[in-house]
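# Analysis of the macromolecular model
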Amino acid sequence: MSRYARSAAALAGLTLAGAILVGCASGDDGDTLVEGTPGSSSATPAITGAAEIELPASAVRTVATGLRIPWGLAFLPDGTALVTERGNQVPTFQDDSVDAGGIARIMSVTPDGKVTEAQRLPEVDRRLGEGGLLGIAVSPNYATDKWVYIYYSATNDNRIARLHLGQPPQPILTGIPVSGGEGARFHQGGRLAFGPDGMLYASVGETYFESRFAQDRASLGGKILRLTPDGKPAPGNPFANSAVWSYGHRNVQGLAWDAQGRMYASEFGSKTYDEINLIQPGRNYGWPVVEGFSTNPQFTNPIATWTPTSIASPSGIAVLGDHLYVACLRGQTLYRLTLDGTDPRKLLNTHGRLRTIAVAPDGSLWVTTSNRDQVGREDRLPQTPEGDRILRITP
């Protein structure tokens, strides 16, 4: 039996109603998983609180509304943003019925806030959970090649594809493990970003049901991958003929680089520590053997952690100047840290769940909310008839 079949078999007895409850209580979006406690040592104090920086009203404005569970965000050369809508069918805030508008699509958002549908993607499997249409990246050579890259869930796997807007996606990497079962797709990773080296990086979750994938270098699960623009293992990767760049990850959802080319990643913890990691090629970041800091030299420690995880659940991250910005879901906060992971500050905590953050061409920060998803519905988070929104921040 394949590993995918084993995952599906383990969930075969779940009813749809039971699966929805699992989606509410067990996903990283809600950050309430219980898996047993890995070995940890708090060698560096975790972030338990942070001073708040009060931004002037002029520093925060709404760019766009009317979005349905936005996930990925990337900018075209002209400053227009491409935003993915995950496409999951979720109960509405009005009547708790299933939202018939659960369509996986790419939206175009201009700097002045004009929102239009760029493309629908029927190829995306939209079952409840943390899968669907996730990350998006724009080719560094978009002016000439017009390639847009997406990460999405298919019926039996997650995959990375490239497309010309309006044309069907062309898969360039398939077979990324996906947890099985109706409504039980957890830890899918999904972030895509081009690094300063021109290579495509992808974060891949370990599916929750198969956490061992994270330590198995032959599996794509629980990894950060480094690919050429056509989906092959990139030259210079640490393991021969492998797309794996780093491993031992639980569910990375944020990737960013600073001006020196150093790579940072945000990672959902289980129930002890959420992490910010400085990523180095070939390093093992510990999951599921360790969560947070360890004295074992086999594992690379994070530069920052949060505990309890209810104040964070870090998703998207961005580097602007000499600071790292972290958008948090369950914590409903935008944090600012120095690049060594210290001096945490809160910049925004009044808009509910924050999923993705990106530096716009004009130097501002664009942040997406994620209040229409299942966890947001259950928690009755700040909500308006306009749905999820994109905020523009000038810190």
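Details of the structure are given in the entry above.
Sequence order sets the numbering: in each chain, residues are counted from 1 along the sequence as written. Reporting of local features is limited, given that this is a predicted model, to residues whose pLDDT is at least 70; pairs of side-chain atoms are given and counted only at 80 or more, and all residues count toward the totals for whole chains, interfaces and linings. Excluded from the side-chain calculations are hydrogens and water; all other atoms, namely the structure's heavy atoms, are used.

### Notes on the nonpolar core
Generally speaking, a soluble globular protein has its nonpolar side chains buried in company with each other. Going by this rule: Take the buried Ala, Val, Leu, Ile, Met, Phe, Trp, Tyr and Cys residues and link them wherever side-chain atoms come within 4.5 Å; each set so joined is a nonpolar core. Throughout, exposure labels follow a simple rule: accessible area from a 1.4 Å probe, protein chains only, divided by the maximum for the residue type, with under 20% read as buried, over 50% as exposed, and the rest as partly exposed. Only DSSP runs of H or I covering at least 4 residues are called helices, and only runs of E covering at least 2 are called strands; the numbering of each starts at the N terminus.
Counting 22 residues, the largest nonpolar core has Tyr-149, Ile-160, Leu-192, Leu-200 and Leu-225 as the members making the most contacts within it. Put simply, the parts of the chain that give this core at least two residues each are β7 (133-138), β8 (148-153), β10 (170-176), β11 (192-194), β12 (200-204), β13 (223-227) and β14 (244-247). Residues Ala-74, Ala-104, Ile-106 and Val-124 belong to the second largest nonpolar core, which totals 17 residues.

### Regarding the pattern of salt bridges
The line we're drawing: The salt bridge definition used is simple: a Lys or Arg side-chain nitrogen within 4 Å of an Asp or Glu carboxyl oxygen.
Inspection of the entire model under this criterion finds nine salt bridges. Between Glu-85 and Arg-105 there is a salt bridge, and its shortest N-O distance comes to 2.5 Å. Of this pair, Glu-85 sits in strand β4 (residues 81-85) while Arg-105 sits in strand β5 (residues 105-109), and the two are 20 residues apart along the sequence. The same class applies to Glu-85 as to Arg-105, namely buried. The shortest N-O distance in the salt bridge between Arg-392 and Asp-362 comes to 2.9 Å. On the criterion of sequence distance, the pair formed by Arg-392 in strand β25 (residues 388-393) and Asp-362 in the loop between β23 (354-359) and β24 (365-369) is long-range, its members being 30 residues apart.

### Side note on the sheet that holds β24
Note the cut-off: Two strands qualify as a pair provided DSSP detects at least 2 bridges between them. An axis is simply a line fitted to the C-alpha atoms; with a helix, the fit covers only the stretch in contact. Between two such axes, the angle follows the N-to-C directions and lies from 0 to 180 degrees.
Spatially, four strands are ordered β2-β25-β24-β23 in an open sheet, and the strand pairing comes out antiparallel. The open sheet has two edge strands, β2 (60-67) and β23, and neither has a second partner. Geometrically, the sheet is characterised by an average inter-axis angle of 20 degrees between neighbouring strands, direction not taken into account. Two strands pair when backbone bridges link them, and β2 and β25 are joined in this way by five bridges, in the antiparallel orientation. Paired with Leu-67 across the two strands is Asp-388, which belongs to β25.

### Examining unusual backbone geometry
Across the junction of Trp-287 and Pro-288, the peptide omega takes the value 5 degrees, indicating a cis bond. With a phi angle near 60 degrees, Ser-313 is a residue other than glycine that sits in the positive phi range. Turning to its location among the elements, Ser-313 is positioned in the loop between β18 (304-306) and β19 (314-320).

### Some thoughts on the packing of aromatic side chains
Under the convention used in this document: Any pair of Phe, Tyr and Trp rings, taking the six-membered ring for Trp, is counted once the centres come within 6.5 Å. Such a pair is stacked with planes under 30 degrees apart, edge-to-face with planes over 60 apart, and tilted for the rest.
Here the structure, examined in full by the defined rule, presents nine aromatic pairs. Between Phe-186 and Phe-209, the aromatic rings sit 6.3 Å apart at their centres with planes inclined by 25 degrees, giving stacked as the arrangement. Taken together, the residues Phe-186 in the loop between β10 and β11 and Phe-209 in the loop between β12 and β13 connect sequence positions 23 residues apart. Among the residues examined, Phe-186 registers a relative accessible area of 0% and is labelled buried.

### Thoughts on the environment of Arg-336
Secondary-structure assignment places Arg-336 in strand β21 (residues 334-338). Classification of Arg-336 by relative accessible area gives buried; the value is 19%. Residues Arg-336 and Ile-317, 19 residues apart in the sequence, show an inter-C-alpha distance of 9.8 Å.

### What to know about the pairing of β25
Extensive coverage of β25 is indicated by the burial of six of its six residues. Side chains Asp-388, Ile-390 and Arg-392 of β25 all project onto a buried face; the interleaved residues Arg-389, Leu-391 and Ile-393 project onto the opposite face, where all are buried too. As defined by bridge partners, β24 adjoins β25 across four bridges and the pair is classed as antiparallel. For Leu-365, the partnering residue across the bridge sits in β25 and is Ile-393.

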